[in-house]
Structures are given as C-alpha cells and as structure tokens.
Amino acid sequence: MMSRRDRSDLRQAANPVLFFANGHGDHFLNLPAMRACADIFSGRLTVIGADKVIENLLHSLPVRKVVGLKMSRETTGRRFDVDDIARAVEGCDLFISLNPWHNRHVDDLLAALAPECSIGFFPDFKIAVERDYQKHSADLAFDIVRAIDPDLRLDRFAGPPSFPERFVASADRLLAMIPAGRQVLTVHPDTLPEKMWPEEHWVRVIDAFLDLFPEYLTLLVGLSGVEGGRCRHRDRVIPCYGLPIPTTSLIISRSNLFAGVDSCFLHAADMYRIPSAGLFGPTEIHEWGFRFSEGRHLKKGRAMEALHPDEVLSVLVELAAKAKPGPQRVF
C-alpha cells in the first residue's frame with residue numbers, strides 16, 4: 001500500500017502522461033478522472049485520447065498538451081500506432097492509464113516512453129489498481145485518481161461538458177429554428193448492432209408520445225437508426241444525423257427529454273442532467289447506466305427486442321409530466 005508521502009511524490013511528476021484509448025462515449029465517462037488529473041498536474045499533463053474527441057472535451061483544461069489518437073478495435077482492446085504517439089509525447093516520468101483493458105500495444109508504448117513510474121489497472125504497471133467491474137465505469141476510472149490523491153472526490157469534477165465556441169454557435173443556429181413554445185425530445189437510436197432497438201419500436205413510441213404531447217418536437221441524433229418519414233407526425237420529427245459529437249451533445253443539453261440506447265449520447269445526457277430514458281440489453285446498467293442524473297433504465301434481459309414499446313412510452317410520459325418547460329441548459 002502506498003503511503004501519503006509516496007502519493008505526494010507522484011504529484012510532483014514533471015512530465016505526467018494520461019492515456020485513455022477507448023470509445024467516444026467512454027471519454028464522457030472518464031471525463032471526471034481526466035479533469036481531476038488536469039487539476040493535480042496543472043499545466044504539466046499530456047493527455048492521449050481518441051482523435052478530435054479528446055481535444056474538444058479538454059479544450060478548457062490546464063493541460064500541457066493533447067495528443068489525438070487514431071485507433072481501431074481488436075479482440076484484446078484497441079490497436080494504435082505506438083511510434084506516432086511516442087514521437088508526439090515530449091518526455092514522460094509518470095504514465096497514468098485509465099484503460100479498463102490491456103494489450104501488447106500498451107506494453108509497447110510503456111517501453112517506448114520508459115517512465116520512471118506507471119499506474120493502471122493491470123500488473124504490467126508499477127502501481128496496479130484493483131479492477132472492480134461491479135462499479136460504474138466513471139467510478140472505476142476515478143479509482144486511478146484516488147490512488148494518486150485519496151482526498152479527491154468524483155462529484156467535484158462531474159460538471160457538464162463544455163466545448164469550443166464554434167460548436168456552441170452551430171448548436172445555437174440549429175436550435176434557433178425551433179418555434180417558440182416547442183419542447184424537445186431528443187432520440188439517439190444507433191450504436192453497435194447488438195445494442196440497437198428495432199426501428200419499428202422507436203417509430204411506435206415517437207408516434208404515441210407526439211400524440212400525447214402536441215407541444216413536443218423530436219430530434220433524431222447520431223448517425224442513423226430511425227427514418228423520420230416513417231413517423232406519423234413526420235412534420236414534428238427532425239433528423240439531425242451526422243453532426244459533430246460536440247454539436248449533438250450541446251443540442252442534448254438544451255433538450256427537455258432524452259431517450260437513447262447505451263452509447264455516447266446517453267452519457268452526455270447524464271452529465272447534462274437531462275431527464276432521460278436509457279434502453280439496455282447486452283450491457284450492464286450498473287456499469288454503463290446513468291450516474292449523475294435521475295435517468296430511468298429499461299432492460300428486459302440481454303435481447304433488445306424483448307423491451308416493449310409501451311414500457312418505453314410509459315417512462316417518457318412520466319418524465320414529460322415532470323420536465324421543466326423551455327431549454328434546460330444555457331451553453
């Protein structure tokens with residue numbers, strides 16, 4: 001076990017590097033841990049994360065450098081170009097990994113950077129933190145922070161995400177087209193195939209919800225998943241597919257309600273504290289569900305098809321009855 005003096009020594013690192021190679025949504029879940037590390041190592045921290053996503057999420061933090069990571073999936077985690085990263089990192093005396101997985105690419109990166117000390121969830125690191133997958137993913141990541149500074153608490157760093165002004169302006173322009181007095185239900189239907197809900201179920205829920213709440217519009221976000229023209233109230237269903245993640249996240253931040261599958265925008269809605277319905281199948285609610293808001297989880301075993309549209313509609317009706325009118329957040 002590390003003493004307080006040992007932890008103090010970690011906090012004195014001159015060139016700490018924070019490494020996180022995972023999906024876009026995982027970056028939202030790990031944002032509190034990243035913010036805490038930026039606070040501990042103010043002005044000295046180099047952060048490596050998903051290309052573009054990491055730069056936009058951390059744009060206002062006091063970090064020394066942000067390195068965008070191009071990566072692809074493989075069975076043991078993610079594949080990436082170790083040489084490119086090593087060239088971009090200017091020295092490393094402390095390597096901090098938030099990854100909940102480990103593979104040969106991470107080993108190669110450790111060898112290339114040769115830090116004096118390293119900390120992560122696997123025995124390959126000098127300081128190995130226990131992996132407890134019974135925790136929420138955000139809490140698991142913050143265990144790394146607590147190994148460095150046990151006095152820090154996750155909630156202090158769990159505020160809503162902020163993004164560069166160009167994305168705020170883009171979201172403002174889109175939302176300015178919504179007529180005054182309208183309320184917004186934002187729906188995110190697409191993710192990995194096994195986590196998606198049938199399109200006909202979404203259409204049924206959207207139609208029934210708009211029947212009951214004539215003051216609402218539905219915005220469809222993500223990449224695809226529901227054809228707005230299939231909805232009975234197609235004039236009140238607006239596809240907003242293909243927008244940058246920051247723009248979509250900011251649109252969600254101004255919504256009255258959110259409904260979506262387990263993916264990145266569910267985590268964004270959670271961090272913006274938007275009243276939400278989250279649809280789950282093969283993934284675990286305790287690990288990937290709402291952590292910061294009072295969102296409602298819906299799950300019927302591991303098959304998404306088992307979740308009935310009436311159950312989702314019932315939750316949305318309940319949330320709508322409690323939702324505050326007007327935009328929920330100011331950028």
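Residues numbered from 1 in each chain as written. Predicted model: local features only at pLDDT ≥ 70, side-chain atom pairs only at ≥ 80, totals over all residues. Heavy atoms only, no water.

Before going further, it helps to spend a moment on the environment of Leu298. With respect to the helices, strands and loops of the structure, Leu298 is situated in strand S14 (residues 296-299). Each C-alpha atom of the pair Leu298 and Val315 lies 8.7 Å from the other, and the pair is 17 residues apart in sequence. Aside from chain neighbours lying at most four places away, what touches Leu298 is Ala277, Gly278, Leu279, Phe280, Leu307, Glu311, Val312 and Val315. (Helix = DSSP H or I, 4+ residues; strand = E, 2+ residues; numbered from the N terminus. Contact = heavy atoms within 4.5 Å.)

This brings us to a negative patch on the surface. Taken together, Asp81, Asp83, Asp107, Asp108 and Asp124 make up a surface patch of like negative charges. Counting through the fold element by element, Asp83 comes out in helix H5 (residues 82-88). (Patch = residues over 30% accessible without salt bridge, like charges linked within 9 Å, V, L, I, M, F, W, Y side chains within 5 Å. Areas by Shrake-Rupley, 256 points an atom, 1.4 Å probe, with all protein chains shown as cover. Salt bridge = Lys/Arg side-chain N within 4 Å of Asp/Glu carboxyl O. Lys, Arg positive; Asp, Glu negative; His and termini not counted. Charge placed at Lys NZ, Arg CZ, Asp CG, Glu CD.)

Taken as a whole and assessed by the stated rule, the structure comprises 20 salt bridges. Asp155 is the salt-bridge partner of Arg291, the closest N and O atoms lying 3.8 Å from each other. Note that Arg291 is positioned in the loop between helix H12 (285-288) and S14 and Asp155 in the loop between helix H7 (137-148) and helix H8 (165-175), a separation of 136 residues in sequence. When its relative accessible area of 57% is taken as the criterion, Asp155 is described as exposed. The partner of Lys300 in a salt bridge is Glu311, with the nearest N and O atoms 2.8 Å apart. Taken together, the positions of Lys300 in the loop between S14 and helix H13 (309-322) and Glu311 in helix H13 put the pair eleven residues apart, joining distant regions of the chain. Three or more residues joined by partner-sharing salt bridges are found here, namely Arg64, Lys65 and Glu90. (Buried < 20%, exposed > 50% of the residue type's maximum accessible area, 1.4 Å probe, protein only.)

Before going further, it helps to examine the packing of aromatic side chains. Tallied over the full model, the rule gives eight aromatic pairs. Here the aromatic rings of Phe142 and Phe157 are separated by 6.1 Å at their centres, their planes lie at 35 degrees, and the arrangement is tilted. Of this pair, Phe142 sits in helix H7 while Phe157 sits in the loop between H7 and H8, and the two are 15 residues apart along the sequence. The exposure class of Phe142 is buried, given its relative accessible area of 0%. Ring geometry for Trp197 against Trp202: centres 5.1 Å apart, planes inclined by 90 degrees, an arrangement best described as edge-to-face. Among the aromatic side chains, those forming a connected cluster through ring pairs are Phe19, Phe80, Phe95 and Phe125. (Phe/Tyr/Trp six-rings, centres within 6.5 Å; stacked < 30°, edge-to-face > 60°.)

The next subject is the pairing of strand S12 (residues 257-261). With five of its five residues buried, S12 lies for the most part within the structure. Side chains of S12 alternate between two faces, with Leu257, Ala259 and Val261 and Phe258 and Gly260 buried alike. Relative to S12, strand S9 (residues 183-188) runs parallel, the two sharing four bridges. Among the inter-strand pairings, His188 is bridged to a residue of S12, identified as Gly260. Both S12 and strand S13 (residues 276-280) contribute to a ladder of four bridges, which runs parallel. (Pairing = 2+ DSSP bridges.)

Here we come to the sheet that holds strand S3 (residues 65-69). Backbone-to-backbone hydrogen bonds join strands into a sheet, with any given pair of strands oriented parallel or antiparallel. Read across the open sheet, the six strands follow the order S3-S2-S1-S6-S7-S8; overall the sheet is parallel. Lying at the two open borders of the sheet, with one neighbouring strand each, are S3 and strand S8 (127-128). One ladder, built from two bridges, connects strand S7 (residues 117-120) with S8; its direction is parallel. Looking at S8, one finds that Gly120 is bridged to Ala128. Packed onto the sheet, helix H6 (residues 104-113) meets strand S1 (16-19), strand S6 (94-97) and S7 and runs at close to 165 degrees relative to S6. Each of S6 and S7 is contacted by H7, which is oriented at about 140 degrees to S7, the strand it contacts most. (Axes fitted to C-alpha atoms, helices over the stretch in contact; angles between N-to-C directions.)

Tallied over the full model, the rule gives zero disulfides. No disulfide involves Cys117; its sulfur sits 9.8 Å from the nearest other cysteine sulfur, which is in Cys92. With a relative accessible area of 12%, Cys117 lands in the buried category. Summary of cysteine pairing: Cys231 is not part of a disulfide, and the nearest cysteine sulfur, belonging to Cys240, is at 13 Å. Owing to a relative accessible area of 0%, Cys231 belongs among the buried residues under this scheme. (Disulfide = S-S within 2.5 Å.)

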